[in-house]
Amino acid sequence: MTALTVAEDVHTEIGEWEGRGWFPPGPQLAICLSGGLDGLSDTGLLEVAAAARRQTSWAQARELAAVAELSRRRAADEAEGDPDYRILSGYESVVEEVAAALTVTGDAAATLVHLAGRLADDLPATREALETGRIDLSKTRVISDLTDGLPDGLPERVEAAVLERAPDQTTGQLRRRIRRIVQKLAPEQLEERKREAARRRDLQVWDTPDGTTDLTLTGLETTEAHAIFNKISAVARALKTDGDLRPLHAIRADLAKELLQGTSYPEAAHASGVQPVEPPRVPAVTPSTVALPDTTIVETLAKMADQRLSKVLAHARATGRTNALPFLINRAVRDMHDQLRGLRETWCQATGPTPGRHGHNAYRPPAAMRRLIEARHETCVFPTCNRRSNRCDLDHTVPWGQGITCQCNLAPLCRRHHRTKQSPGWTLIQPWPGLLIWITPSGLWHITAREEDRTGFWR
Ligand SMILES: [Zn+2]
Ligand SMILES: [Zn+2]
């Protein structure tokens, strides 16, 4: 198909976009993207947004490739002893040239030149993933940052391990996964990195566009920082319980401010006119000795579910029934949930924290069950959420009463995604313990499977 006929299609028949969601980035996709949006369905609009992002990735890969090529030329000139480089090194020259050409600060240009070099020299597969629109620039930066300084050959091994799933992961999920891999491959490197960050610890102050100022402590020891945060939060919550009308975050900020100015804890709390309270001890959470559920079953079922729903989607498109998609996908997932009932109950009875029982006799799950659910999902089960599960509520996927308190009907949800679940058009179904399927108002779905890869699939 020539570019011209594509352009005509787009401008005359906007509905033609449907089914082009898969187009690889490049000149042809640019033409498709320049069509109007009015005639598109909801899924069509989301596809256009996703395609535009792929196109952006492609353009950013071109930008970085151009910068890398310029760096290569300057480095070659310098190596040949070009007298122009006696004052400014080849690298410095490129940074200045890029800063001027792109109208960015010297720091931003240096970051760009560095990233371009990493993609050209150490991370060829990541560069290709960006160019083909499978990952965006933020994910590219995460991969580059976390593999920087690793011994030769390791960055390639890390990218090979993470790129397949990276398209379905947020930057937070990707970062956690890379950390786990680097921890295995080069633990001493991670330690050195941490020591280096600690050496650069600082107290920084930034004026914000709102006219306020942020004050940030950086490079702290993790346990220490959490201990400080928990301690201040505990006092703030106590003040709140005693009738303080400020929101919790505001109390936290005010307390921290008082403390940093040298006020002691009881006085800092007293400044709000409320009796000081001894901060409760937060019990240490030992990351579970609980056995994780068999992840192979979950993965297999996740793939099966995705295939089945993809067929429903393809069929709906082929028969022009995309408007019925939310209904069709919901029905398919509910069918699956029902079909697995017998197996699920047997499995629960054999593996649950209460042996021989599928379900616990009360609304609140017992501690062992809570630990199992939190170990199964480290974070809120909404696909893009990074809220730690021990700071989430354990939500009954099917509400308590109709649904039971059991590993097959509980999952961590933060407040915000609890609301999402209850919003019109959204559905969450757990066909197997730990396997959660989200259905969006436009009839797309996301499968959240096990923690290790936490990606599931967006469709
Ligand atoms: Zn169960
Ligand atoms: Zn959440």
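Residues numbered from 1 in each chain as written. Chains lettered and ligands numbered in written order. Predicted model: local features only at pLDDT ≥ 70, side-chain atom pairs only at ≥ 80, totals over all residues. Heavy atoms only, no water.

So, about helix 18 (residues 415-422). Each α-helix turn comprises 3.6 residues. Residues three or four places apart therefore point the same way. Of all the positions in helix 18, only His417, Thr420 and Lys421 are classed as buried. Viewed along the axis of helix 18, the buried residues span an arc of 100°, placing them on a single side of the element. Among the exposed residues of helix 18, those oriented more than 90 degrees off its buried face are Arg415, Arg419 and Gln422. The inward-facing, buried residues of helix 18 contact strand 3 (393-396), strand 4 (410-413), strand 5 (427-432) and strand 6 (435-439). (Buried < 20%, exposed > 50% of the residue type's maximum accessible area, 1.4 Å probe, protein only. Helix = DSSP H or I, 4+ residues; strand = E, 2+ residues; numbered from the N terminus. Arc of directions from axis to C-beta. Contact = heavy atoms within 4.5 Å.)

Let's shift gears to the sheet that holds strand 5. Taking strand neighbours across the sheet as the criterion, the three strands line up as 5-6-7 in an open arrangement whose pairing is antiparallel. Strands with a single pairing partner mark the edges of an open sheet, and in this sheet they are strand 5 and strand 7 (445-448). Going from strand to strand, the sheet's axes swing by 20° on average, the running direction of each strand aside. With four bridges joining them, strand 5 and strand 6 adopt antiparallel strand pairing. Paired with Leu428 across the two strands is Trp438, which belongs to strand 6. (Pairing = 2+ DSSP bridges. Axes fitted to C-alpha atoms, helices over the stretch in contact; angles between N-to-C directions.)

Okay, the coordination of the zinc ion (ligand 1) next. Those protein atoms acting as donors to the zinc ion (ligand 1) are Cys348 (SG), His358 (ND1), Cys406 (SG) and Cys408 (SG), and they sit at 2.1 to 2.4 Å. Written as a sequence motif, the donor residues of the zinc ion (ligand 1) are C-x9-H-x47-C-x1-C. We classify Cys408 as buried; its relative accessible area is 6%. (Donors = N, O, S within 2.8 Å, 3.2 Å for Na, K, Ca; no water.)

Moving on, we get to the side chain of Gln407. Here Gln407 lies in the loop between strand 3 and strand 4. By relative accessible area, which is 2% here, Gln407 ends up buried. Apart from residues lying up to four places away in sequence, Gln407 is in contact with Trp347, Cys348, Thr351, Gly352, Met369, Leu372, Ile373, Arg376, Gln430, Pro433 and Gly434.

To continue, consider the nonpolar core. Grouped together as the largest cluster of nonpolar side chains are 34 residues, with contacts concentrated most on Leu64, Ile143 and Ile178. Secondary structure elements with two or more residues in this core: helix 3 (42-79), helix 4 (90-102), helix 5 (106-121), helix 6 (124-131), helix 7 (137-147), helix 8 (154-162) and helix 9 (171-185). Aside from chain neighbours lying at most four places away, what touches Ile178 is Val142, Ile143, Leu146, Val158 and Val162. One finds Ala316, Val333, Ile437 and Ala449 within the second-largest nonpolar core, a separate group that totals 23 residues. (Core = buried A, V, L, I, M, F, W, Y, C linked by side-chain atoms within 4.5 Å.)

On to the coordination of the zinc ion (ligand 2). Taken together, Cys380 (SG), Cys385 (SG), Cys414 (SG) and His417 (ND1) make up the full set of protein donors to the zinc ion (ligand 2), lying 2.0 to 2.4 Å away. Here the zinc ion (ligand 2) is ringed by four donor atoms whose angles at the metal span 95 to 118°, and the overall shape comes out tetrahedral. Mapped onto the polypeptide sequence, the residues donating to the zinc ion (ligand 2) form the spacing pattern C-x4-C-x28-C-x2-H. Of this pair, Cys380 sits in the loop between helix 17 (367-376) and strand 3 while Cys414 sits in the loop between strand 4 and helix 18; the two residues are 34 residues apart in sequence, bridging distant segments of the chain. (Tetrahedral: all angles 85-135°; square planar, octahedral: opposite > 155°, others 65-115°.)

For the coordinates displayed, the defined rule picks out five aromatic pairs. For the ring pair Tyr363 and Trp400, a centre distance of 6.0 Å and an interplane angle of 75° mean the geometry is edge-to-face. Placement of the pair is Tyr363 in the loop between helix 16 (341-351) and helix 17 and Trp400 in the loop between strand 3 and strand 4, with a sequence separation of 37 residues. When its relative accessible area of 40% is taken as the criterion, Trp400 is described as partly exposed. Measuring from ring centre to ring centre gives 6.0 Å for Phe382 and Trp426, while their planes differ by 55°; the resulting arrangement is tilted. Of this pair, Phe382 sits in the loop between helix 17 and strand 3 while Trp426 sits in the loop between helix 18 and strand 5, and the two are 44 residues apart along the sequence. Site record: aromatic cluster; members linked through ring pairs are Phe382, Trp426 and Trp438. (Phe/Tyr/Trp six-rings, centres within 6.5 Å; stacked < 30°, edge-to-face > 60°.)

What follows deals with the confidence of the model for the chain. Here the chain shows a mean pLDDT of 84. Residues at 70 or above account for 86%. Least confident of the elements in the chain is helix 1 (residues 3-12), whose mean pLDDT is 41; most confident is helix 6, at 97. (pLDDT = per-residue confidence, 0-100.)

The next thing to look at is the pattern of salt bridges. Within this structure, the stated rule accounts for 21 salt bridges. Note that Asp338 is salt-bridged to Arg341, the shortest N-O span being 3.2 Å. Arg388 is the salt-bridge partner of Glu378, the closest N and O atoms lying 3.6 Å from each other. Within this pair, whereas Glu378 is found in the loop between helix 17 and strand 3, its partner Arg388 is found in the loop between helix 17 and strand 3, the two being separated by 10 residues in sequence. (Salt bridge = Lys/Arg side-chain N within 4 Å of Asp/Glu carboxyl O.)

Moving on, we get to the environment of Thr351. Note on placement: Thr351 falls in helix 16. Measuring from C-alpha to C-alpha, the distance between Thr351 and Gln407 comes to 9.5 Å, with 56 residues separating the pair along the chain.

This part takes up a nonpolar patch on the surface. On the surface, a cluster of nonpolar side chains totalling about 680 Å² of accessible area is made up of Leu203, Val205, Leu215, Leu217, Leu220, Ile228 and Leu260. The set of elements that each furnish at least two residues to the nonpolar patch consists of strand 1 (202-207) and strand 2 (213-218). In this fold, Leu215 is placed in strand 2. Exposure remark for Leu215: the relative accessible area of 54% places this residue in the exposed category. (Patch = residues over 30% accessible without salt bridge, like charges linked within 9 Å, V, L, I, M, F, W, Y side chains within 5 Å. Areas by Shrake-Rupley, 256 points an atom, 1.4 Å probe, with all protein chains shown as cover.)

A few words on the side chain of His377. Counting through the fold element by element, His377 comes out in the loop between helix 17 and strand 3. A polar contact of 3.2 Å, which involves the side chain of His377, links it to the backbone oxygen of Gly434. (Polar contact = N/O pair within 3.5 Å; in protein donor to acceptor, adjacent residues only side chain to side chain.)

This brings us to the pairing of strand 2. Pairing between strand 1 and strand 2: six bridges, direction antiparallel. Bridge assignment links Asp207 to a residue of strand 2, and that residue is Thr213. The hairpin turn running from strand 1 into strand 2, its antiparallel successor, is five residues long, and Gly211 in that turn takes a positive phi close to 95°.

On to unusual backbone geometry, then. Positive phi is not limited to glycine here, since Thr103 has a value of about 55°. For Thr103, a relative accessible area of 71% puts it in the exposed group.

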